[in-house]
Amino acid sequence: MLNVRNLSISYGSKTAVDRVSFELGQGEVIGLLGANGAGKSSAIAGILGIQKSTFEELTLLGRSPIAHRREVFQQVGVQFQETNFPDRLTVQEACLQWASLYRETADVNELLHYFGLAGHENQAVNSLSGGERQRLAVLLALIHNPKLVFLDELTTGLDTKARRLLWRRLLTMKKAGLSIVLTSHYMDEVEVLCDRVLILKHGQTVFQGTVSDAIGTSSKPTLEDAYLEYSGEREEDWDEIANHVS
Amino acid sequence: MKSLITLARIEGRLVWKGMDIVLFGICFPVLLASLFGYLLSRDASSGASNFQLSFAAVTTIGVLATGVMGLPLTIADYRHRQILKRFQVTPVSPVYLVMAQALVQLSAALVSFTAVVTVYHVFFDFRLPGSWPVFLLTYGLVTLAMYSLGMLIGGLAPNQKAANLWSTLAYFTMLLFSGATIPYEVMPRWVQWLMDVLPLAHGIHLLKHAIMGEPWGQGGLHAAVLIGCILIGAGGTAKFFKWR
């Protein structure tokens, strides 16, 4: 589904992503974890071919997203961390517009219903609440029944129920063969959804493996603690900051 | 094709709901055209033919406003707000996105054209000496050329500031110095030389020939400049379109 070997991205002299490699099979879910600025979104942009990068191998569904952009994105969906819409665009129009870009699409009404947006069809997207807009962004990423989907901070801004509903949907689609690359700051979510995680720190891979490996190889009891250890955000440092402030 | 129509329909609704297109694409060109028609049709010294020739220029104001202002500025705005970035990770061709927007702007240009023709006909008793089909064909070529330049600005401008600068520059220089508002004939000789570089000046020369029903004369050169604009504009946009 996805092959990335030694992908690096630099902004001027700063290396944002440093030789990241991973593979993803059908129906697999990988979580890219890391602090803000660790390079998660940059890595995704590089993998999608929209950010200049160097790599030894980069294929989505067996093809280069740069040389075969139009074929690749017929079967790949993307939800960016920030999703902007033109002024005055309604929910219905956003769906129609997106659906028109693909050869085949899912049942849009069913999706609207599932994502709790039924009844909002004629509302301007920019007047939706943050959570509703986020749900619309995920909906649009799934509108063409992709085989591979990128979800960057998929549940940021969602309430508990919406989060659980989205997890359930994704797990069903995963079972049906959907492969997912996601980023998240919520470790409960990562544990529910991800088969594997890749932890980035300053653009470098500090851990790659299954969730249970991540916990096992660290000396910590939970994924959240293990993640903090790997990403170098030790709680001891926070005590220092806290003491310093008080 | 299905996506082009859907995109154009949705864009059309969005753009037409804003006042910009009505104000700059229709009201302003029609107002300016009326003013020129009024002044030239009354000024006996400028002669009837100058008034007739002004028709070429005033009908292109709407094309300029929509093609080299409205079109590139909307695309640059979408780029600035990272809306194009979302389209980049779909199968859509950038040509479709630009064409959808061009169709919307063209609809305003058409309204503008019809209004100017009506004003000239009804209030100033304008009659076209040449043939309408030849004029319309020439007008179509000029429109295509202007829109191609607009596409190029919108497609390649790295940011909004650059798009603003280029489209304003293109708009005002062509508005003022190609004979669209101030007739070429009344300009001093050295300005006329400057004007000869502007693509729209060539378009207006061609239109004037068409209005008077004259043979093209030097028309080959003028047409070549316009076709050059179309090739460079469309080719450049398709090849070098900037999503971000």
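About the criteria used
Residues numbered from 1 in each chain as written. Chains lettered and ligands numbered in written order. Predicted model: local features only at pLDDT ≥ 70, side-chain atom pairs only at ≥ 80, totals over all residues. Heavy atoms only, no water. Helix = DSSP H or I, 4+ residues; strand = E, 2+ residues; numbered from the N terminus. Buried < 20%, exposed > 50% of the residue type's maximum accessible area, 1.4 Å probe, protein only. Core = buried A, V, L, I, M, F, W, Y, C linked by side-chain atoms within 4.5 Å. Domains from an automatic or database assignment. Contact = heavy atoms within 4.5 Å. Buried area = accessible area lost by both parts, 1.4 Å probe. Salt bridge = Lys/Arg side-chain N within 4 Å of Asp/Glu carboxyl O. Polar contact = N/O pair within 3.5 Å; in protein donor to acceptor, adjacent residues only side chain to side chain. Phe/Tyr/Trp six-rings, centres within 6.5 Å; stacked < 30°, edge-to-face > 60°. Lys NZ or Arg CZ within 6 Å of the ring centre and 35° of its normal. Pairing = 2+ DSSP bridges. Nonpolar A, V, L, I, M, F, W, Y, C, P; charged D, E, K, R; others polar. Patch = residues over 30% accessible without salt bridge, like charges linked within 9 Å, V, L, I, M, F, W, Y side chains within 5 Å. Areas by Shrake-Rupley, 256 points an atom, 1.4 Å probe, with all protein chains shown as cover. Axes fitted to C-alpha atoms, helices over the stretch in contact; angles between N-to-C directions. Parallel < 35°, antiparallel > 145°, perpendicular 65-115°, else oblique.

### Considerations on unusual backbone geometry
Residues and elements named next belong to chain A.
- Within the chain, Leu-61 stands out as a residue other than glycine whose phi angle is a positive 50°.
- Within the secondary structure, Leu-61 sits in the loop between strand 4 (57-60) and helix 2 (69-72).
- Given the relative accessible area of 22%, Leu-61 is considered partly exposed.
- Backbone geometry places Glu-153, a non-glycine residue, at a positive phi of 55°.
- By the secondary structure assignment, Glu-153 is in the loop between strand 6 (148-152) and helix 6 (160-175).

### Thoughts on the nonpolar core
- One finds Leu136(A), Leu139(A), Ile143(A), Leu151(A), Phe87(B), Phe135(B) and Met174(B) to be the most contacted residues of the largest nonpolar core, which totals 125 residues.
- Here this core spans two domains, since at least three of its residues come from each of domain 1 (2-75 + 146-160 + 171-213) and domain 2 (85-145) of chain A.
- Other than its neighbours up to four places away in sequence, Ile143(A) contacts Cys95(A), Trp98(A), Ala99(A), Tyr102(A), Thr105(A), Ala106(A), Val108(A) and Leu111(A).
- Formed by 31 residues, the second largest nonpolar core is a distinct cluster that contains Leu7(A), Ala16(A), Leu24(A) and Leu200(A).

### Points about the interface of chain B and chain A
- Contacts between the two partners involve 27 residues from chain B and, on the opposite side, 28 residues from chain A.
- Across the chain B to chain A interface the summed buried area is about 2600 Å²; carbon plus sulfur atoms make up 58%.
- On the chain B side of the interface with chain A, the three residues burying the most area are Arg86(B), Val89(B) and Pro91(B), jointly 29% of the side's total.
- The interface formed by chain B and chain A holds two salt bridges in total.
- A salt bridge links Glu93(A) to Arg13(B); the shortest N-O distance between them is 2.2 Å.
- In this assembly, chain B and chain A are joined by 14 residue pairs in polar contact (both at pLDDT 80 or more).

### Structural notes on the packing of aromatic side chains
- In the structure shown here, the tally under the stated rule is 17 aromatic pairs over all chains.
- Consider the rings of Phe135(B) and Tyr139(B), whose centres lie 6.0 Å apart with planes at 15°: the pair is stacked. A residue pair is termed a helical-turn pair when its members lie 3 or 4 positions apart in one helix, as Phe135(B) and Tyr139(B) do in helix 6 (residues 132-156) at four residues.
- Taken together, the aromatic side chains of Phe51(B), Phe55(B), Phe113(B), Tyr120(B), Phe124(B), Phe126(B), Trp132(B), Phe135(B) and Tyr139(B) make up a single cluster linked through ring pairs.
- Between Arg163(A) and the ring centre of Tyr186(A), over which it is positioned, the NZ or CZ distance is 5.0 Å.
- Across the ring face of Phe85(A), the terminal group of Arg86(B) is positioned such that the distance to the ring centre comes to 4.3 Å.

### Things to note about the pairing of strand 3 (residues 29-33) of chain A
Residues and elements named next belong to chain A.
- With five of five residues buried, strand 3 lies mostly within the body of the structure.
- Both faces of strand 3 are covered, namely the face carrying Val-29, Gly-31 and Leu-33 and the face carrying Ile-30 and Leu-32.
- Alignment of strand 3 against strand 8 (residues 196-201), held across four bridges, turns out to be parallel. Opposite Ile-30, over in strand 8, you have Arg-196 as the bridge partner.

### Topic: the pattern of salt bridges
Residue and element names in this part refer to chain A.
- Enumeration according to the criterion identifies 13 salt bridges over all chains in this entry.
- With a shortest N-O distance of 3.6 Å, Glu-28 and Arg-196 are connected by a salt bridge. In this pair, Glu-28 is assigned in the loop between strand 2 (14-24) and strand 3 and Arg-196 in strand 8, connecting sequence segments 168 residues apart.
- One salt-bridge network, in which partners are shared between bridges, spans Arg-5, Glu-56 and Glu-57.

### Remarks on the domain arrangement of chain A
Residues and elements named next belong to chain A.
- What the domain assignment reports for chain A is domain 1 (2-75 + 146-160 + 171-213) and domain 2 (85-145).
- Each of domain 1 and domain 2 was reduced to a C-alpha centroid, and the two centroids are 24 Å apart.
- Across the interface of domain 1 and domain 2, roughly 960 Å² is buried in total on both sides, 60% from carbon and sulfur atoms.
- Contact with domain 2 buries surface across domain 1, with Gln-74, Pro-146 and Leu-158 losing the most and accounting together for 53% of the total.
- Counting every contact that joins domain 1 to domain 2 gives zero salt bridges.
- At the junction of domain 1 with domain 2, the criterion picks out three residue pairs in polar contact (both at pLDDT 80 or more).
- Of the residues in the side of domain 1 that touches domain 2, the class split is eight nonpolar, five polar and two charged.

### Quick look at the environment of Leu40(B)
- When you line up the elements, Leu40(B) lands in helix 2 (residues 20-42).
- Leu40(B) sits 16 residues away from Phe24(B) along the chain, and the two C-alpha atoms are 23 Å apart.

### Notes on a nonpolar patch on the surface
All names here are of chain B.
- Side chains of Phe-172, Leu-176, Phe-177, Ile-182 and Val-186 sit close together on the surface and give an oily, nonpolar patch of about 410 Å² of accessible area.
- Along the polypeptide, Ile-182 turns up in the loop between helix 7 (160-177) and helix 8 (189-195).
- Given a relative accessible area of 32%, Ile-182 falls into the partly exposed group.

### Regarding the packing of helix 6 of chain B against helix 9 (residues 199-212) of chain B
All names here are of chain B.
- Relative orientation of the contacting elements helix 6 and helix 9 amounts to 175°, with a least axis distance of 9 Å. Put simply, helix 6 runs roughly antiparallel to helix 9. Residues Val-134, Phe-135, Thr-138, Tyr-139, Leu-141, Val-142, Met-146 and Leu-149 of helix 6 form the contact with helix 9, whose own contacting residues are Pro-199, Leu-200, Gly-203, Leu-206, Leu-207, Ala-210 and Ile-211.
- Partitioning the contact of helix 6 with helix 9 into residue classes produces 13 nonpolar, two polar and no charged.

### Re the pairing of strand 1 (residues 2-11) of chain A
Residues and elements named next belong to chain A.
- In this structure, strand 1 lies alongside strand 2, joined through seven bridges in antiparallel fashion. Counterpart to Asn-3 in the pairing with strand 2 is Glu-23.
- Between strand 1 and strand 2, which pair antiparallel and follow one another directly, the connecting turn spans two residues, one of which, Gly-12, has a positive phi of 65°.
- In the sheet, strand 1 pairs with strand 4 via four bridges, with the strands oriented antiparallel. By the bridge assignment for strand 4, Asn-3 is matched with Thr-59.

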